[in-house]
Amino acid sequence: MKVIFTIGLLLLAAGSVSAQKAYDAAYYHSKTGNRTFKLELGMGYFAASNIKRAIGSARPITFYPDTAVPDDQYQMTFHAKAQPDYFILDDMQESYDTAPPVITGRYWSGKKWSAIKFVLGR
């Protein structure tokens, strides 16, 4: 009887435990022509950030930051596996008290540069 009671108690305790993220995320979006971009900015943990690029009905491609902190020029570069395309985001801080309303940067499409402006979602 003690064994059944103990197992039941453990199952109840395990069901109530949940993992928590150690950071908050801010969500941004941008659209250029037929391309849609979504930036998830890991506030306080940039390594968790990513940019998703969707073109029409094609499956989205996810770009990840090359480093967990901005470089000396306050820029961050995002690449995807086996893709010539990449992003460079400007004016990135190591941490934010509140999410900036706009994040600007450049997108290299493999052929040319395009200015990009991510707007904080509501």
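Residues numbered from 1 in each chain as written. Predicted model: local features only at pLDDT ≥ 70, side-chain atom pairs only at ≥ 80, totals over all residues. Heavy atoms only, no water.

1. Section: the pairing of strand 5 (residues 76-79)
Then, in step 1: Covered by surrounding structure in strand 5 are Met 76 and Phe 78 only, the residues Thr 77 and His 79 on the alternate face being uncovered.
Then, in step 2: Across two bridges, strand 4 (residues 61-65) lies against strand 5 in antiparallel orientation. Opposite Pro 65, over in strand 5, you have Phe 78 as the bridge partner.
Then, in step 3: With four bridges connecting them, strand 5 and strand 6 (residues 86-89) associate as antiparallel partners. Residue pairing for strand 6: His 79 is matched across the bridge by Tyr 86.
Then, in step 4: Linking two consecutive strands that pair antiparallel, namely strand 5 and strand 6, is a turn of six residues; a positive phi of about 55° is found at Ala 82 within it. (Buried < 20%, exposed > 50% of the residue type's maximum accessible area, 1.4 Å probe, protein only. Helix = DSSP H or I, 4+ residues; strand = E, 2+ residues; numbered from the N terminus. Pairing = 2+ DSSP bridges.)

2. Re the packing of aromatic side chains
Then, in step 1: With the rule as written, the count across this model stands at eight aromatic pairs.
Then, in step 2: Centroid distance Phe 63 to Phe 87: 4.9 Å. Interplanar angle 85°. Geometry classified as edge-to-face. Taken as a pair, Phe 63 in strand 4 and Phe 87 in strand 6 lie far apart in primary sequence, 24 residues in all.
Then, in step 3: By relative accessible area, which is 0% here, Phe 63 ends up buried.
Then, in step 4: Grouping aromatic residues by their ring pairs yields a cluster made of Phe 37, Phe 63, Phe 87, Tyr 107 and Phe 118. (Phe/Tyr/Trp six-rings, centres within 6.5 Å; stacked < 30°, edge-to-face > 60°.)

3. A few points about the sheet that holds strand 5
Then, in step 1: Taken together, eight strands build a closed barrel; the order of strands is 1-2-3-4-5-6-7-8 and the barrel is antiparallel. Along the sheet, successive strands turn relative to each other by an average axial angle of 25°, direction set aside.
Then, in step 2: Looking at chain direction, strand 1 (residues 24-32) and strand 2 (residues 35-43) are connected through nine bridges and run antiparallel. Looking at strand 2, one finds that Thr 32 is bridged to Arg 35. (Axes fitted to C-alpha atoms, helices over the stretch in contact; angles between N-to-C directions.)

Everything listed here is a matter of coordinates, which is why it stays silent on function.
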